[in-house]
2 protein chains.
Amino acid sequence: MTTTSPDGTATSVPSADDAATAHVDVPALSELLLGRWPELRRTARARAGEAQYHKDESLTPAEHRERTLEQMRQMVAGDDKIAWLAYPERLGGGDQPGANLACFSELVAADPSLQIKSGVQWGLFGAAILHLGTPEQQDRLLPGAMDLTVPGAFAMTETGHGSDVQSIGTTATYDPDTEEFVIDTPFRGAWKDYLGNAAQHATAATVFARLVTNGVDHGVHCFYVPIRETLPDGTAGDFLPGVGGEDDGLKGGLRGIDNGRLHFTGVRVPRADLLARYGSVAADGTYSSPIESPGRRFFTMLGSLVQGRVSLDGSAVNSAKIGLAIAVRYAAERRQFGGPGVDEMVVLDYATHRRRLFPRIAEAYAGHFANERLLDLFDDVFSGEQDTPERREDLETTAAALKSTSTAFALDTLQECREACGGAGFLTENRITSLRADMDVYATFEGDNTVLQQLVARRLVADYGREVKGATRTPAGMARFVVERATDAALHRTGLRRVTQAIADVGDPRRAAGHLRDAETQRELLADRVATMVEEVATAMRPALKAEPAVAARILDENQVALVEAAKAHADLLRWEAFTDAIAEIEDTGTRLVMTWVRDVYGLTVIERNLAWYLLHGRLSDQRARTVTGYVDRLLRRLRPHALDLVDAWGYGPEHLRAKIATGAEAERQDEARAYYAALRASGDAPVSEKSLRASRR
Amino acid sequence: MTTTSPDGTATSVPSADDAATAHVDVPALSELLLGRWPELRRTARARAGEAQYHKDESLTPAEHRERTLEQMRQMVAGDDKIAWLAYPERLGGGDQPGANLACFSELVAADPSLQIKSGVQWGLFGAAILHLGTPEQQDRLLPGAMDLTVPGAFAMTETGHGSDVQSIGTTATYDPDTEEFVIDTPFRGAWKDYLGNAAQHATAATVFARLVTNGVDHGVHCFYVPIRETLPDGTAGDFLPGVGGEDDGLKGGLRGIDNGRLHFTGVRVPRADLLARYGSVAADGTYSSPIESPGRRFFTMLGSLVQGRVSLDGSAVNSAKIGLAIAVRYAAERRQFGGPGVDEMVVLDYATHRRRLFPRIAEAYAGHFANERLLDLFDDVFSGEQDTPERREDLETTAAALKSTSTAFALDTLQECREACGGAGFLTENRITSLRADMDVYATFEGDNTVLQQLVARRLVADYGREVKGATRTPAGMARFVVERATDAALHRTGLRRVTQAIADVGDPRRAAGHLRDAETQRELLADRVATMVEEVATAMRPALKAEPAVAARILDENQVALVEAAKAHADLLRWEAFTDAIAEIEDTGTRLVMTWVRDVYGLTVIERNLAWYLLHGRLSDQRARTVTGYVDRLLRRLRPHALDLVDAWGYGPEHLRAKIATGAEAERQDEARAYYAALRASGDAPVSEKSLRASRR
C-alpha cells in the first residue's frame, strides 16, 4: 500500500499495516522452493555442497578433466544413485524423470564441468539409449552407460551444422551382406564436433547419421558406436579402426570436460545397434518405422531428447541465484562514499545498486517457478502419465522458450553481479567470473537461443493460425474476427484506449500506479502483448504462404526479428504466470506480501522494458506509463529490508557460494576500520584535517 | 534514399543512384581511422601483430606472468620507444601524450595482459612520477620506470576503498627528526589491493596515503616507495622491511598480470620522495602547496591521472572491433538452415544476425570517432597547448562518460559475437572468450562505471545550475526561463508536440522515416534528451540543497538512477556528434553515403532504445516512433553488402584477429560439402530421400 505525501504524490513508505506485516519466513519459503521432490532435491543440493565435488580452480585443464571423470565415478560408487533417477527401475534406476532433472540442476553449484560432463554421460549418451533404443537395447547398453564402464559421447552436432540437425552429413549405409551399418564422414564439415567426452574419455558414442538402405535416405537416426578400446584398467585407449578425431582444445569455460571431434571411415556396426525405437532395418535392408512421416519421425526422435533443454533452464536460474546471493551479501556489508561527518553507506542502500540487483532477484524467482512448471510438464510426459502429442509439443515449446530466456538471463546477471562487486568480483576467489565463464556456453548448446526463439515463435504463429481457422470456419466467426481486429487497429491507430485511460486517471498518479499493482492488469498487459505480437507477425507473414520462394524469403526476413521478440514476450508471460501461481501457495501473510512485491517488480520491469510497445499499441496511457519507473523504484526500496532473506531462501550455504566476499569478511574489515577511527578520535591524537582547519580559520 | 513499393510503404531498396554509388573505399577509410598520428598508430598496430607479443593460451598463469614481463623488456630493448612517447624528450621520451595513448590502445590486440601491465608500469607508476613529481624527481625516478630496471606498482586502491580514493586509510606521517615520512597501514581494509606488478615483479610503488604533518591531515598525496630488493640479476627479491603483501591469486582474466596486495608498517621514505608537484613539506614539517583548497588539490592530482580512462576507452572500442571482425567474417561464410531444394543461407543474411551485429558495428565506429576526439582533448591539455581548468574539466567528464560507455559496450559486443559464432565461438582457438575474459575488468578499473556515470551527471547538473544562474540573473532572463520551462511542461503533458508531428505526417510513413534520416533531427532528438533529463533531475534535486541530511539523502536516492541515465544519454550524444563530424572528412562519395547509413543506424538505435522516453516527453509522434524500427531494419539490409568492408576498414589482419573461424576455413568446409553433394548428385548414386519418395508415390 502506498501513502500520499503532502505534495500529493504517492510515496514509497508502506502503510503501517504493510510495514508490520511484511517479512520473509525464510525456512518456509525455502521449503516451497524445493518443489515437487523436496527430499531428493535436498540430497542433491547437499551433494553439491561436498568438497569432493567442488570446482578446483588451481588445476590445469588436463588435471581438471581427470578429476571430473573421477568425481562422476564417485557419484555412482556409493549407495546414492541420484544420477540414475531417470533410468528404469529394472536396471537400478528410479523411473523418476522429473526428479532427475531437478537434482541435476543442483549440480551446477558444485562445478558446471561436472554437471555438463554428467549430463553428457547420463542425460545425452545414456538418454539416447533410453529414449531411442528398444527395451532389449536398453537392457544391453544402458548398464555400461550408467555405471561408467562405458563413458560415452553424444555425437549429434557437426562442425558444419550446429543447431540444424536435420542437415547433418554423416551417413550410415546398410550392408545386407554382413547385416551391418557402415558409418562414414563424407567431408570435413561433417565431423562431429564439440562433443563432451569425445577428446579423451569416451569408449562409445551415440552417433547421429542419415540412415541409407536400399538406396533410400531415411533421414537422421541414432547408432551405438564403440569408438575406443577399453584398457584393462577401465580407461579409454586408442581409437578403434576407422574412427578418428581431435581435441577441441581450450574453451572459454567448462575446462573440466574433454570436448572433441570425431570422424568415421567405413566404421561397421551390427544391425542391432541402430537404436531402433523409431525406425529399424530388417536383415534384408527393409526399413520400417512406427511413424510414417519422416518429418514427424525426426521431430519425435529429437523431442525425446528435450530433457537437455529442461535441465539447462533450471541450472541457468540456479547459477544466477548463486551470483546474486554473493553480490547481495557483499553489498549488504560493503560501505563506500560518505559525506563529511556522514557515515559511509552500505552499497545496497544506493538506488543504483538496488536497480542492478533487485529486478534480477525477481527474475530469478520468476525463472525458478517457471522451471518448476516445466519440470511438471516434463514429468507428466516422460513418466507416461500424460504423454500426449499436445503435451509433448507444449513441453518442447516451453523448454525452448525458457531455456533461451534463462541462459541469457544467467549470463547477464552474473556479469552484473561481478561488476556490482567491483574489483573483488573479478578475483577467482569470489567465484562469479569462474561461474560465468562456465555458463557462457549454455546460451548456445542444446540449440542456439536465437534458433530456439524462432522455433517458439513458429509454434505460436501456428497456434494462432489454427485459432483463426477455427474462428473463421463459420461466417459469423469470420465476421467477429474481422471486427475484433478492425476495432483493435482503430483503437491503437488513434490512441483511443490510451486517451480513455488518461481521462480515468487524470490528475491522480496514485490511481495510475494502483492500476499497475493489480495482478490482473499485469497479466492482461503481458498476455495482450504476446497475443498482439503473434497476430501482427502472423498477419504480416501470411502472404509468404502463396508467394514465390524469393518473396517468401523476403517476407520471413522482414519478420524474423519480430518472431524472436514474440518468443521472448511469451517466455516473460510464462514466467509471470508461474510466479503468480506460486504466490497462491504461500500461506504466511508477510511472506506472501513480500513475494507479491517481488512478482510486481518482475512484471513491471518487463512492462518497463517494453514501454514503447505499450504506448504505441495504445495499451498504456502516457499517464500510466509515466508511473511505471517510479513505482518500480518504490517497490525496490520497499524490498530493501528483505533482500538478504530473499537470497537466503534459495537455500545456498557457504559450501555452495564459496566466495570470500560473501563470508562476512567485508563486515569484519569495515568494523575494524570504524573501530580504529573511533579509537583514534577518542584518543585525541587524531590529526585535524586541513579542510576543517581552513574552515575554522575563516 | 528510399523508394516506394506499390502498397505505398517505403522499402529498403536503395534508389538506383544510391545502389550504384554506395561502396566503401576500404584503404581510404582505414587511413582516416588512423587519426591524428597515423604513422605511430601504424607502428603500434604492426607491433601488436608480432607473434612475440601475442597472448599464448597454453601458458599457466605463472608462465604467463613471466612472459608478459619479458615482452615488456623487449618493447623497450629495441630502438622503437613508443612505450615512452608520453615521457619528456630530455629523458628519451617523445613528449607526445596523445599519440602515446593512441599507440597504447593498439596493444590490446596483442594481449590485454601485456597492455595493462604496460599501462601499470608506464601509464600509472611512471605517470604518477611524471605528473605528480617535480622536474628533479622526474629526472631521478623516471629512467628506472622507463627502462624497467624498476618495475613498479601503482598503490592507490585499497581493499576497503575502490573508486572512493578520498577515503583511503594509509597514512604517511612526517617525522621532522629524520626528515622522513612514515608509511603505515592502519587496518586490513587499508591494504592496497588489486595492484598490477605488486604480487611479484614490482621493486617500487607510487603509494597514495594521507599526508600528516604537525598534527594536520593534508589529504591524499603520492609517495615513491621502494618495496622489494632488486636482486643482482635485476629481478625482484624479498619485501623490504616493513612492507608486506600477498598475491591476489587467480582472476577472471588478465592472468598475465601479477596483481597483489601491499601493506606498510613504519616504512620510512625520505622527505624528497613525496611526489611534490602539488604539495611539499619543508624540513621542519611545514606543508605548502600551490593549490590552496584541499578539495581542488585532490581533484587536480587525480585529474592528472586521467590518461588511464582515456586509454581504456580506445582499447575497449578496439576489442569490440576485433570481436565484430571475427563474427562478421565467420557469418559471411557460415551456412545454416535451408529448405528442401533451397540452398542454405549464409547466416549474415538472416535478419536476426544483422540485428545482432550491425548496430554494434555502428556503435564501434561511433566509439572510435569519440575516442579520437577524446585523444585530441587529452593532447591539448597534456601537451600544455590548451591546458585550462575548463579544458581539464571537459577532459575528465568526457573521459568518464566515454570509458564507462565503451567498456560496457565492449563486453556486451564480445558476448554477442561469441554467441553469434555458436559453439565455435566458445573455443579458445577462436579468440573471443579469451578476449572477453580479459576485458571484463575494464568495466570496473580506473573507476567503476556506475560511479563514473554519476560523476558525469553531477558535472552536467552543475553546468545546468550555472546556466540557470546566468539566465535568471536579470528579471527578463528569469521570466524567459520560467516561460520556456512552463511551455515545455505544457507541451509534454498534453502531448501537443506529438499531435503536431502526427498531423504533419498523417498518412505518410515515408515522411516520418525521412524525418528520422535527417542528421539535424537526430542531433536534436539526442541533444534534447540530454538537456531535458539534466533539467528534470536538476529540478528534482534542487530541494536537497536546503534540506536536512536525511531528506537530502532521500532526494539523491530518488534521483540516482536518473543521474546515471542522463550520463549515458550524454555519452550517446558525444559519440553521435563525433561520428557526424568525422563523416564530413570523408571525401569519397560512396564511402560517405555508406558511413552516413552507419551513423544513422547508430543514432536511430539509440533513439529506438529510448523510444518510450521520446514518446512520454512528446518528442516523437506515435506515427514517427512507429517507423523507427522498420527504418533501422531497412538500413541494416542496405548495409549488408558492405559489412565485410566495414570491419576490414578497422585495419586488423589475421595476425590481429587470430581466430580460426575468421581465416576462410569455414568457406573451405562449406565449398567441400557442396562439391561433395554436387558430385554425388551427378554420379547418380545419391540415395533418394524417403520424403521425396513418399511424395512421388502419392
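How each quantity is defined
- Every chain is numbered independently, its residues counted from 1 as its sequence is written.
- The lettering of chains begins at A and the numbering of ligands begins at 1, in the order of writing.
- Where totals are concerned, whole chains, interfaces and linings use all residues; where local detail is concerned, this predicted model gives features only for residues with pLDDT of at least 70, and gives and counts side-chain atom pairs only at 80 or more.
- Side-chain numbers come from the whole structure's heavy atoms, not from hydrogens or water.
- Numbering of helices and strands starts at the N terminus; helices are DSSP runs of H or I of at least 4 residues and strands are runs of E of at least 2.
- The criterion used for residue contact is that any of the two residues' heavy atoms lie within 4.5 Å.
- Here the Shrake-Rupley method, with its probe set to 1.4 Å, supplies the accessible areas, and only the displayed protein chains count as covering residues.
- Least squares is used to superpose the copies, and the fit set is the C-alpha atoms of residues whose pLDDT is at least 70 in both copies.
- Exposure classes here rest on a 1.4 Å probe applied to the protein chains alone. A residue is buried below 20% of its type maximum, exposed above 50%, and partly exposed in between.
- Polar contact is the term for a pair of N or O atoms within 3.5 Å; when the atoms are in protein, one must be able to donate a hydrogen and the other to accept it, and sequence-neighboring residues count only if both atoms are side-chain atoms.
- Any two strands between which DSSP finds at least two bridges are classified as paired.
- Convention adopted: a line fitted to C-alpha atoms gives each axis, helices being fitted over their contacting stretch, and angles between N-to-C directions are expressed from 0 to 180 degrees.
- Salt bridge criterion: a side-chain nitrogen from Lys or Arg within 4 Å of a carboxyl oxygen from Asp or Glu.
- Buried area, as used here, totals the accessible surface that two parts lose on assembly, with accessibility defined by a 1.4 Å probe and the loss added over both.
- Residues were grouped as follows: Ala, Val, Leu, Ile, Met, Phe, Trp, Tyr, Cys and Pro as nonpolar; Asp, Glu, Lys and Arg as charged; and all remaining residues, including Gly, as polar.
- Put simply, a disulfide is two cysteine sulfurs that come within 2.5 Å.
- Given a helix with a known number of residues, its expected span is that number minus one, times 1.5 Å.
- Throughout this description, the term nonpolar core refers to a set of buried Ala, Val, Leu, Ile, Met, Phe, Trp, Tyr and Cys residues connected via side-chain atoms within 4.5 Å.
- Oblique is the label for every angle not falling under 35 degrees (roughly parallel), over 145 degrees (roughly antiparallel), or within 65 to 115 degrees (roughly perpendicular).
- Crossing handedness is defined as follows: a turn of the near helix away from the far one that is anticlockwise and smaller than a right angle gives a left-handed crossing, while the clockwise case is right-handed.
- Side-chain rings of Phe, Tyr and Trp (the six-membered ring for Trp) are treated as a pair once their centres are within 6.5 Å; stacked means planes under 30 degrees apart, edge-to-face means over 60, and tilted covers the remaining angles.
- Confidence scores labelled pLDDT are given residue by residue by the predictor and lie between 0 and 100.

## Notes on the overall build of chain A
Of regular secondary structure, chain A possesses 26 helices and 18 strands. Relative to all contacts within chain A whose residues are 6 or more apart in sequence, the contacts with residues 24 or more apart total 74%. Accessible surface for chain A amounts to roughly 25700 Å². Of this, 55% is attributable to carbon and sulfur atoms.

## Structural notes on the relation of the copies chain A and chain B
Between chain A and chain B, the superposition needs a rotation of 180° and an axial shift of 0.0 Å, giving an RMSD of 0.0 Å. Viewed as a symmetry operation, the transformation between the two copies matches a two-fold axis. The C-alpha atom lying nearest the rotation axis in chain A is that of A612 of chain A; the distance is 2.1 Å. With an isologous cut-off of 70% or more, the 100% of interface residues of chain A that recur at the interface of chain B puts this contact in the isologous class.

## What to know about unusual backbone geometry
Residues and elements named next belong to chain B. In this model, D95 sits at a positive phi of 50°, which is unusual for a non-glycine residue. Among the structural elements, D95 can be located in the loop between helix 4 (61-77) and helix 5 (97-106). Despite not being glycine, Y194 shows a phi value in the positive range, around 65°. One can find Y194 in strand 6 (residues 192-195).

## Here's the deal with the side chain of Q307 of chain A
All names here are of chain A. Position of Q307 among the secondary structure elements: in helix 9 (residues 307-331). On the basis of relative accessibility, which here comes to 6%, the residue Q307 falls in the buried class. Among the polar contacts listed, one links the side chain of Q307 to the side chain of H131, at a separation of 3.5 Å.

## Notes on the sheet that holds strand 11 (residues 243-247) of chain B
Residue and element names in this part refer to chain B. Strand order across the open sheet formed by 3 strands is 6-12-11, with antiparallel pairing between neighbours. Of all the strands in the sheet, just strand 6 and strand 11 have a single pairing partner and so form its edges. Ignoring which end each strand starts from, the neighbouring axes of this sheet average 20° apart. Pairing geometry for strand 11 and strand 12 (residues 260-264), over 5 bridges, is antiparallel.

## Considerations on the pairing of strand 12 (residues 260-264) of chain A
Residue and element names in this part refer to chain A. When you tally the buried positions in strand 12, you get 5 out of 5 residues, the bulk of the element. Sheet topology places strand 6 (residues 192-195) next to strand 12; 2 bridges connect them, and they run antiparallel. Bridge pairing in strand 12 places L195 opposite G260.

## Notes on the side chain of N100 of chain A
For N100 of chain A, the location among the structural elements is in helix 5 (residues 97-106). Apart from the residues within four sequence positions on either side, N100 of chain A is in contact with I82, A83, L85 and A86 of chain A.

## So, the environment of C417 of chain B
Residue and element names in this part refer to chain B. Its location among the elements puts C417 in helix 11 (residues 389-420). Along the chain, C417 and P151 lie 266 residues apart, while their C-alpha atoms are 36 Å from each other. Excluding residues that lie within four positions of it along the chain, C417 makes contacts with G323, L324, A327, L357 and I432.

## Quick look at the pattern of salt bridges
Taken as a whole and assessed by the stated rule, the structure comprises 110 salt bridges over all chains. With a closest N to O distance of 2.5 Å, D463 of chain B and R466 of chain B form a salt bridge. Placement of both D463 of chain B and R466 of chain B in helix 14 (residues 449-471) is noted, with a separation of 3 residues, approximately one turn of the helix. Here the salt bridges do not stand alone but share partners, grouping D193, E246, D248 and R261 of chain A together with E429 and K660 of chain B into one network.

## Points about the interface of chain A and chain B
Reports of interface size often rely on the accessible area that becomes lost once the parts have come together. Taken together, the contact between chain A and chain B spans 96 residues of the former and 96 residues of the latter. Summing the contributions of chain A and of chain B, the shared interface buries around 8000 Å²; its carbon and sulfur component is 53%. Among the residues of chain A in contact with chain B, F426, L616 and E690 of chain A are the three that bury the most area, contributing 9% of the side total. For the salt bridge of E690 of chain A with R297 of chain B, the shortest nitrogen-to-oxygen distance reads 2.6 Å. If you look at where chain A meets chain B, you find 48 residue pairs in polar contact (both at pLDDT 80 or more). Residue contributions to the side of chain A that touches chain B peak at 6 residues, all from helix 19 (residues 549-583) of chain A. When grouped by side-chain class, the residues that make up the side of chain A that touches chain B number 34 nonpolar, 27 polar and 35 charged. As defined by bridge partners, strand 8 (residues 216-226) of chain A adjoins strand 18 (residues 688-689) of chain B across 2 bridges and the pair is classed as parallel. Each residue of the ladder has a partner; that of V216 of chain A, found in strand 18 of chain B, is V688 of chain B.

## So, the sheet that holds strand 6 of chain A
Residues and elements named next belong to chain A. If you walk across this open sheet you meet the 3 strands as 6-12-11, and the pairing is antiparallel. Strand pairing shows two members of the sheet lacking a second neighbour, strand 6 and strand 11 (243-247), which therefore form its edges. On average, adjacent strands in this sheet sit at an angle of 20° to one another, irrespective of strand direction.

## Here we look at the state of the cysteines
All names here are of chain B. Following the criterion strictly, the structure yields 0 disulfides over all chains and no others. In this model C421 remains outside any disulfide bridge; the closest cysteine sulfur is found in C417, 6.8 Å from its own. Taking relative accessible area as the criterion, C421 reaches 4% and is therefore assigned buried.

## Remarks on helix 11 (residues 389-420) of chain A
Residues and elements named next belong to chain A. In a regular helix each residue adds 1.5 Å, so 32 residues correspond to 46 Å; helix 11 covers 45 Å between its end C-alpha atoms and thus fits that length. Across the 32 residues of helix 11, 24 count as buried, placing the element largely inside the fold. Immediately beyond the C-terminal end of helix 11, within one or two residues, lies G422, with a positive phi of roughly 60°.

## So, the nonpolar core
Core analysis: the largest hydrophobic core is formed by 353 residues, its most contacted members being L357, Y365 and M595 of chain A together with L357, Y365 and M595 of chain B. Not counting chain neighbours up to four residues away, the residues in contact with M595 of chain A comprise L29, Y365, F369, F579, I583, I586 and L646 of chain A.

## Section: the packing of helix 9 (residues 307-331) of chain B against helix 10 (residues 351-382) of chain B
Residue and element names in this part refer to chain B. Two elements in contact, helix 9 and helix 10, have axes separated by 9 Å at closest approach and are oriented at 150°. Taken together, the axes of helix 9 and helix 10 lie roughly antiparallel to each other. For the element pair helix 9 and helix 10, the recorded crossing hand is left-handed. Judged by residue contacts, Q307, V310, D313, G314, V317, K321, L324, A327, V328 and A331 of helix 9 engage H353, L357, R360, I361, A364, G367, H368, N371, L374, L375 and F378 from helix 10. For the contact of helix 9 with helix 10, a count of residues per class yields 12 nonpolar, 6 polar and 3 charged.

## Concerning the pairing of strand 10 (residues 236-239) of chain B
Residues and elements named next belong to chain B. Where strand 9 (residues 228-230) meets strand 10, 2 bridges bridge the pair, whose relative direction is antiparallel. Counterpart to R228 in the pairing with strand 10 is F239. Here strand 9 hands over to strand 10 after 5 residues, with G234 in that stretch at a positive phi of 90°.

## Some details on the packing of aromatic side chains
In total, this model carries 30 aromatic pairs over all chains according to the counting rule given. Judged by centre distance (5.2 Å) and plane angle (65°), the ring pair of F154 of chain A and F208 of chain A falls under edge-to-face. Of this pair, F154 of chain A sits in strand 3 (residues 152-155) while F208 of chain A sits in strand 7 (residues 204-213), and the two are 54 residues apart along the sequence. The two residues F154 of chain A and F208 of chain A agree in class, both being buried. Ring geometry for F181 of chain B and F223 of chain B: centres 4.9 Å apart, planes at 65°, overall edge-to-face.

## Let's talk about helix 4 of chain B
Over its 17 residues, helix 4 of chain B runs 24 Å from end to end, which matches the ideal 24 Å to within 8%, given 1.5 Å per residue. Buried residues along helix 4 of chain B sit in contact with helix 3 (38-48), helix 6 (112-132), helix 7 (135-147) and strand 11 of chain B.

## Concerning the confidence of the model for chain A
Residue and element names in this part refer to chain A. Mean pLDDT over chain A stands at 91; residues scoring 70 or higher make up 90%. Note that residues 1-13 has pLDDT below 50 and, in this model, 28 contacts with residues that lie over four places away or in other chains. The ipTM for the predicted assembly is 0.93, set against a pTM of 0.94.

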